[in-house]
Amino acid sequence: MSAGLINSYLNKKVCIITVDGRTLVGKLISVDMSTNVFLQRAVERVIRSPDDDEASAEIELGTHMIRGDTVCLVGLVDESLDESIDWTKVKGATIGTTKH
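The rules behind the values
Residues numbered from 1 in each chain as written. Predicted model: local features only at pLDDT ≥ 70, side-chain atom pairs only at ≥ 80, totals over all residues. Heavy atoms only, no water. 1 Å grid on protein atoms, 1.4 Å probe; cavity = no way out; pocket = protein on both sides within 12 Å on 5 of 7 lines; lining within 4 Å. Points joined across faces, edges and corners; volume = space filled by probe spheres on them. Helix = DSSP H or I, 4+ residues; strand = E, 2+ residues; numbered from the N terminus. Nonpolar A, V, L, I, M, F, W, Y, C, P; charged D, E, K, R; others polar. Phe/Tyr/Trp six-rings, centres within 6.5 Å; stacked < 30°, edge-to-face > 60°. Lys NZ or Arg CZ within 6 Å of the ring centre and 35° of its normal. Core = buried A, V, L, I, M, F, W, Y, C linked by side-chain atoms within 4.5 Å. Buried < 20%, exposed > 50% of the residue type's maximum accessible area, 1.4 Å probe, protein only. Contact = heavy atoms within 4.5 Å.

### Thoughts on the layout of surface pockets
The computed volume of the largest pocket comes to approximately 290 Å³. Along its surface, the largest pocket is lined by 14 residues, and G21, T23, R45, I47 and I95 are the ones closest to its centre. Elements with a contribution of two residues or more to the lining of the largest pocket: strand 2 (23-31) and strand 3 (37-46). The residue inventory of the lining of the largest pocket, partitioned by class, reads seven nonpolar, three polar and four charged. Here the second largest pocket defines a volume of roughly 170 Å³. Together, K12, K13, V25, G26, K27, Q40, R41, V43, R45, E58, E79 and D82 line the second largest pocket. At the level of secondary structure, the elements contributing two or more residues to the lining of the second largest pocket comprise strand 2, strand 3 and helix 2 (79-83). When residues of the lining of the second largest pocket are assigned to their parent elements, the largest contribution, four residues, is made by strand 3. Taken together, the residues of the lining of the second largest pocket break down into two nonpolar, two polar and eight charged.

Structure below.
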């Protein structure tokens, strides 16, 4: 992934999937040549499996840096759709890790 390709996402809400399967959402405020990304108002979405009685959660992280070698995917978020979802009620399968 090239840092130049995601520069068009600067100052927009993005979703980042890491190689260990974490889902992070926030406003992209910076990216460098190593694809280290910096998010403002970042949250980690912890989606529970359907058979888990515990609700899914959003963990507030604030301003957060994600190392470029852990970034698997960066995508724009449809903010109106995102705000309409109650993430505590979302259930799903765990995203597996990737291997280098």
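Next, the rest of the story.
### Observations regarding the packing of aromatic side chains
Scanning all chains against the criterion turns up zero aromatic pairs. Its end group placed over the ring of W87, R45 keeps NZ or CZ at 3.9 Å from the ring centre.

### Observations concerning the nonpolar core
Most often, soluble globular proteins keep nonpolar side chains buried together rather than apart. Formed by I6, V14, I16, L24, L28, V31, V37, L39, A42, I66, V71 and V74, the largest nonpolar core amounts to twelve residues. Looking at this core, the elements with two or more residues in it are strand 1 (13-18), strand 2, strand 3 and strand 5 (71-76). For L39, the contacting residues outside a window of four places in its chain are V14, I16, L24, V25, G26, K27, L28, I29, G62, T63, H64 and I66.

### What to know about unusual backbone geometry
Glycine aside, residues mostly have negative phi angles, and peptide bonds mostly take the trans form. Notably, T35 is not glycine yet its phi reads approximately 60 degrees, a positive angle. Inspection of the secondary structure assignment puts T35 in the loop between strand 2 and strand 3. A relative accessible area of 7% means that T35 is categorised as buried. Not every positive phi belongs to a glycine, and R41 is a case in point at roughly 55 degrees. One can find R41 in strand 3. For R41, a relative accessible area of 59% puts it in the exposed group.

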